[in-house]
Amino acid sequence: MTATLHAYAFLDEFVLLYPVYVLLFADSGLSVGRISSLFVLWSLTGVLLEVPSGAWADAVSRRTLLWLGPLLGAAGFALWVLVPSYWAFAAGFVLWGARGALGSGALEALVYEELERAGAADRYARVMGRAHALGQVAVMAATALAGPVLSAGGYRAVGAASVLASLLCAAVATRFPEHRTPAAPSEDGWAATLRAGFADVRRDRSVLGALLLVPAVTAVWGALDEYTPLLVEETGVPDTDVPRLLVLVWAGVTAGSLLSGPAERLGRAGLAALLAGAALALAAGALTGKPAGIALVALAFGGFQLATVLADVRLQRRIEGAGRATLTSVAGLGTELVTVAVYGAYGFLGSAFGHGAAFALCAAPYLTTALAVALAAARGRKR
């Protein structure tokens, strides 16, 4: 199962279109406003499909959703390069959003329960951390290859490579083991599964806290990632050097993923310190306005990635019953909603104050989250 997961994680992110799709949109005549509208459509698709897809994963086969999602992504990427127009891009983002929603919740639930079945649930953080790291290595590899492939064959060659990676990802997903028995069908369908998932939240308030922590940790830096090329460009480096500094940022994220196993023992006080330190590094690095500051941004993103994995671990350990994928998808829904809000806020902040100041201001929510986690840790010690 672990080998399948790692292959899946790599192929899921090995998409050569990732670093150049904004260039494809611009070269097709789209304005910045229309490109931003595509990002919003992408997020809204996730918002609408996140929870229903999680309930579907609990009601049927999680493995089925994991191979179906990449097929939808492949169709979207093909549309982008074969019919480059606003509406084709919009349709592609809907398919890409559906791809993400189908995998979100289903993957975490399948991996946790298969490890639990094997008596190895304590390895979840390490296994998922390595999977995230391989995904980030795939992003760096795709970033490195996209330029040469684009020069050699244009956007169609980049698109063909992306479609091939998605098809291979779907093929690998069929190899996931799945020993659980899906919930018995009912007249209410997936709605009954959704209610069963929320029963965990009503039964144990710590589940709610773990549920809210996931978007609080994940959403802001995940949205900021879309703007890191603009932050790097603002430091004054030539455009040809932007990808190199972006690789530095992703190297930091990869390191954060690899540290998730050893860091699993961090308590709430340790998590609060991690979030506060990463927030300060983000603000300091962004405000330097110099290429050297990107190293601090990379350090911050590494800390946020580590905190993201740890937040997921806390949630999985608190969920009981059959609604694991449902509740994980609810956390994903919260992440999508906050992400849309960050996109809107960044549009204003970036235009008014510049990218460095916008990144620094976006560090503030992490200080608030760190304070809340620290206060919860203090209350726990008093008990």
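Residues numbered from 1 in each chain as written. Predicted model: local features only at pLDDT ≥ 70, side-chain atom pairs only at ≥ 80, totals over all residues. Heavy atoms only, no water.

Undergrad: What is the right way to look at the packing of aromatic side chains in this model?
TA: Given two aromatic rings, one states the distance between the centres and the angle between the planes to describe the pair. Counted according to the given criterion, the structure contains 30 aromatic pairs. On the numbers, 5.6 Å between centres and 50° between planes, the contact of Tyr21 with Phe25 is tilted. You can see Tyr21 and its partner Phe25 sitting in helix α2 (residues 21–27), 4 residues apart, about one turn around the helix. Residue Phe25 is classed as buried on the basis of its relative accessible area of 0%. (Phe/Tyr/Trp six-rings, centres within 6.5 Å; stacked < 30°, edge-to-face > 60°. Helix = DSSP H or I, 4+ residues; strand = E, 2+ residues; numbered from the N terminus. Buried < 20%, exposed > 50% of the residue type's maximum accessible area, 1.4 Å probe, protein only.)

Undergrad: Just checking my understanding: could you explain the environment of Glu13 for this structure?
TA: Summarising the element assignment, Glu13 is placed in helix α1 (residues 2–13). By relative accessible area, Glu13 is classed as partly exposed at 27%. For the pair Glu13 and Ala141, spaced 128 residues apart in sequence, the C-alpha separation works out to 9.5 Å. Among all residues touching Glu13, those that are not within four sequence positions of it are Tyr18, Gly135, Ala138, Val139 and Ala142. (Contact = heavy atoms within 4.5 Å.)

Undergrad: Before we go on, may I ask you to explain the packing of helix α7 (residues 124–173) against helix α11 (residues 242–258) in this structure?
TA: Axis angle and axis distance: for two packed helices, these are the angle between their axes and the distance between the axes, and together they describe the pair. At a closest axis distance of 8 Å, the pairing of α7 and α11 adopts a crossing angle of 170°. Our classification of the angle between α7 and α11 gives roughly antiparallel. In this structure, α7 uses Gly129, Arg130, His132, Ala133, Gln136, Val137, Val139, Met140 and Thr143 to contact α11, whose residues at the interface are Pro243, Val247, Trp250, Ala251, Val253, Thr254, Ser257 and Leu258. Residues belonging to the contact of α7 with α11 are distributed by class as follows: 10 nonpolar, 6 polar and 1 charged. (Axes fitted to C-alpha atoms, helices over the stretch in contact; angles between N-to-C directions. Parallel < 35°, antiparallel > 145°, perpendicular 65-115°, else oblique. Nonpolar A, V, L, I, M, F, W, Y, C, P; charged D, E, K, R; others polar.)

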